[in-house]
Amino acid sequence: METVSENRCFGGVQGVYSHASETTQCDMTFGLFLPQEAADGPVPVLWYLSGLTCTHENAMVKGGAQAWAAEQGIALVFPDTSPRGDGVADDDAYDLGQGAGFYVNATQDPWKPHFQMFDYVARELPSLIGDTFAVDLDRQSITGHSMGGHGALTIAMSGVTAFKSVSAFAPICNPTCSDWGRKQLGAYLGDDETAWAAHDASLLMADRGLDCPVLIDTGASDQFGDLLKSDALAQAMAARRQEGAFRMQKGYDHSYFFVSTFMEDHVGFHADALWG
């Protein structure tokens, strides 16, 4: 693993690291914030999954999470959203290929060799971070924005990792019924729509739900509201009596101005679960 950069940040360290991934068969880059408490021993971990077109850097720079994580003594992990590189398949559209991995394991060419983002985020990267840094993998929570909110919810409901809490900012809630989903799931997983259900938060919520608290925030003025299909997840949570809250925030859109506004709420929500 290579250290790309390390900067002092709210008493801790904001690092950026790269490594050769066996899962995606290319070099991957991630951000990791360690609070000052990590110097004395392992700390809880909050994963932040980013949205379409993002790298590890967007949330790391724009989200404002480090101040609140430092206050709570929590580490933050910012994975990339897809494999990248000259030998990695791509598409001219912003919503497919590099920058748009959708947190699934592709089964179709040309995506299959590299686009294994579910296994990378849920299995390989946690193992790498746990072996290298002072983090406590028995205390993990996850959040994300837009496509990353979709990833946070679906990875949590897969049961691969026992998260203490789950949250999302403006998640893509029902991708099997949205243009932000049908295109990508069809490309990565093929035409058999039964394979898509494992990556639809609304269907997973109706089928199995979560054994931990959930917090969802979506802007009531989100310009992509028709693509997010928020109602489907809200209804599934209500029908299941899922522990948690689904909040529509008046006047807010899909931007990082929205995300950063409610970041304190989300980090505090996760801190209660991680330290509880």
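Residues numbered from 1 in each chain as written. Predicted model: local features only at pLDDT ≥ 70, side-chain atom pairs only at ≥ 80, totals over all residues. Heavy atoms only, no water.

1. Structural notes on the overall build of the protein
The secondary structure content of the protein amounts to 10 helices and nine strands. Relative to the globule expectation of 19 Å for 276 residues, the C-alpha radius of gyration of the protein, 17 Å, shows essentially globular dimensions. Projected onto the principal axes, the alpha-carbon positions of the protein cover approximately 50 × 45 × 30 Å. Taken over 276 residues, the protein has a buried fraction of 58%. Long-range contacts, defined here as pairs at least 24 residues apart, represent 72% of the contacts in the protein between residues at least 6 apart. If you sum the accessible surface of the protein, you get close to 11,200 Å²; carbon and sulfur atoms cover 46% of it. (Helix = DSSP H or I, 4+ residues; strand = E, 2+ residues; numbered from the N terminus. Rg over C-alpha atoms; globule rule 2.2 N^0.38 Å. Buried < 20%, exposed > 50% of the residue type's maximum accessible area, 1.4 Å probe, protein only. Contact = heavy atoms within 4.5 Å. Areas by Shrake-Rupley, 256 points an atom, 1.4 Å probe, with all protein chains shown as cover.)

2. Quick notes on empty space enclosed by the protein
What the rule picks out here adds up to one cavity of 30 Å³ or more. Approximately 40 Å³ is the volume attributed to the largest cavity. Together, Trp-47, Val-121, Ala-122, Pro-126, Gln-140, Ile-142, Ile-155, Thr-161 and Phe-163 line the largest cavity. Listed by contribution, the elements that provide at least two residues to the lining of the largest cavity are helix 3 (117-132) and strand 6 (135-144). Here the residues of the lining of the largest cavity sort into seven nonpolar, two polar and no charged. (1 Å grid on protein atoms, 1.4 Å probe; cavity = no way out; pocket = protein on both sides within 12 Å on 5 of 7 lines; lining within 4 Å. Points joined across faces, edges and corners; volume = space filled by probe spheres on them. Nonpolar A, V, L, I, M, F, W, Y, C, P; charged D, E, K, R; others polar.)

3. Considering the pairing of strand 7 (residues 166-169)
By the alternation rule, side chains of strand 7 split into Val-166 and Ala-168 and Ser-167 and Phe-169, which are all buried. Bridging between strand 7 and strand 8 (residues 214-219) involves four bridges; their strand directions are parallel. Across the sheet, residue Ala-168 finds its bridge partner in strand 8, namely Ile-216. (Pairing = 2+ DSSP bridges.)

4. Topic: the environment of Phe-118
Relative to the helices and strands, Phe-118 is located in helix 3. Between the C-alpha atom of Phe-118 and that of Phe-10, which follows or precedes it by 108 residues, the distance is 31 Å. Non-local contacts of Phe-118, meaning those with residues more than four positions away in its chain, are made with Tyr-103, Val-104, Asn-105, Arg-123, Ile-155, Ser-158, Val-160 and His-199.

5. Description of the packing of aromatic side chains
Within the structure shown, the criterion is met by 11 aromatic pairs. Measuring from centroid to centroid gives 5.6 Å for Phe-115 and Tyr-188, while their planes differ by 20°, and the two rings are stacked. Taken together, the positions of Phe-115 in the loop between strand 5 (75-79) and helix 3 and Tyr-188 in helix 5 (residues 179-189) put the pair 73 residues apart, joining distant regions of the chain. The burial state of Phe-115 is the same as that of Tyr-188; both residues are buried. Counting every residue linked through ring pairs, the aromatic cluster contains Phe-169, Tyr-252, Phe-258 and Phe-262. (Phe/Tyr/Trp six-rings, centres within 6.5 Å; stacked < 30°, edge-to-face > 60°.)

6. So, the layout of surface pockets
When its volume is computed, the largest pocket comes out at roughly 190 Å³. Forming the boundary of the largest pocket are Gly-51, Leu-52, Thr-53, Cys-54, Tyr-94, His-145, Ser-146, Trp-180, Phe-224, His-254, Ser-255 and Tyr-256. Looking at the lining of the largest pocket, its residues break down into six nonpolar, six polar and no charged.

7. What about the state of the cysteines?
In this structure the tally under the stated criterion is zero disulfides. Distance from the sulfur of Cys-9, which forms no disulfide, to the nearest cysteine sulfur (Cys-54) is 19 Å. According to the relative accessible area criterion, Cys-9 is buried, its value standing at 15%. In this structure Cys-54 is not part of a disulfide, and its nearest cysteine sulfur, from Cys-173, lies 17 Å away. Take Cys-54: its relative accessible area is 6%, and that puts it in the buried class. (Disulfide = S-S within 2.5 Å.)

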